[in-house]
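# Inside the fold
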Amino acid sequence: MTKIELAMINEEDLLDIWEISYGPKADLEWMKYNGPYFNDPIMNWEEFSSGFGKSLINDPLSKAILFNNKIVGLVTAYWEDGELKQWLDIGILIYDSSLWGKGIGSVALYQWIVHLFNLFSYLPHIGFTTWSGNEGMQKIGEKCNMEKEAVIRKVRYLNGVYYDSIKYGILREELLG
């Protein structure tokens, strides 16, 4: 039986996360779906460990996704409205494309949403933004019983094509009753 869980990220985890996300043997297919229109660079170890990676350590808004006790990705959250802290958006990355379509993402995202609703007991809504080129993320949202709340048509430009930006969300009472 497979086990999917979320865990706080420690400094000792950073090398494992970098190796699966950007390292020399990393499957970089995930970068084609994770906002590729932003043209984010492939980070070397120094950039990752002193920047994004360092920000993950003991951050309550980031956790590692463990699949059978091995780190395979991340879940994150950020305040869409900054210091007001009333509008929380989330994200998920599973770095190894051979693990996509196996239900890991939807289980991890559901666990993350439940955790965040418990952590921020005042929040009525949690959501995420994706794009029309990322069908997998849309399926994860649907599997987690999230509503497609908005489609902003043809605003994501990639390789000469415009794609839609899509927002999904769920209300506390829809998830927890």
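You'll find the chain entered in an unreviewed UniProt entry as GNAT family N-acetyltransferase, with Vagococcus martis given as the organism.

## Remarks on the overall build of the chain
Summing up its helical and strand segments, the chain has six helices and seven strands in all. Written out in order from the N terminus, the α and β elements of the chain read β-α-α-α-β-β-β-α-β-α-β-β-α. Taking 177 residues into account, the globule formula puts the C-alpha radius of gyration at 16 Å, and the chain, at 16 Å, falls close to it. Overall size of the chain, expressed as C-alpha extent along the three principal axes, is 40 × 40 × 40 Å. The burial tally for the chain puts 44% of its 177 residues in the buried class. For the chain, restricting intrachain contacts to residue pairs at least 6 apart in sequence, the fraction spanning at least 24 positions comes to 61%.

## Remarks on the UniProt feature "domain: N-acetyltransferase" (unreviewed entry) in the chain
Under the present numbering, the feature "domain: N-acetyltransferase" (unreviewed entry) in UniProt falls on residues 4-169. In this annotation, residues 4-169 is assigned 27% helix and 33% strand; the end-to-end C-alpha distance for the span is 22 Å.

## Notes on the sheet that holds strand E6 (residues 147-158)
Spatial strand order, E1-E2-E3-E4-E5-E7-E6: seven strands in an open sheet with mixed pairing. Of all the strands in the sheet, the pair left with one neighbour each is strand E1 (4-7) and E6. Strand-to-strand twist of the sheet, defined as the mean angle between neighbouring strand axes without regard to direction, takes the value 30°. Bridge count between strand E4 (residues 88-94) and strand E5 (residues 125-131): two bridges; the pairing is parallel. Across the sheet, the residue bridging to Asp89 is Gly127, located in E5. Packed onto the sheet, helix H4 (residues 104-119) meets E1, strand E2 (62-67), strand E3 (70-79), E4, E5 and strand E7 (161-171) and runs at close to 150° relative to E4. The sheet strands contacting helix H5 (residues 135-143) are E4, E5, E6 and E7, and the helix crosses E5 at an angle near 155°.

Quick notes on the rules
- Residues numbered from 1 in each chain as written.
- Predicted model: local features only at pLDDT ≥ 70, side-chain atom pairs only at ≥ 80, totals over all residues.
- Heavy atoms only, no water.
- Helix = DSSP H or I, 4+ residues; strand = E, 2+ residues; numbered from the N terminus.
- Rg over C-alpha atoms; globule rule 2.2 N^0.38 Å.
- Buried < 20%, exposed > 50% of the residue type's maximum accessible area, 1.4 Å probe, protein only.
- Contact = heavy atoms within 4.5 Å.
- UniProt positions renumbered as here; feature names shortened; annotations may be inferred.
- Pairing = 2+ DSSP bridges.
- Axes fitted to C-alpha atoms, helices over the stretch in contact; angles between N-to-C directions.

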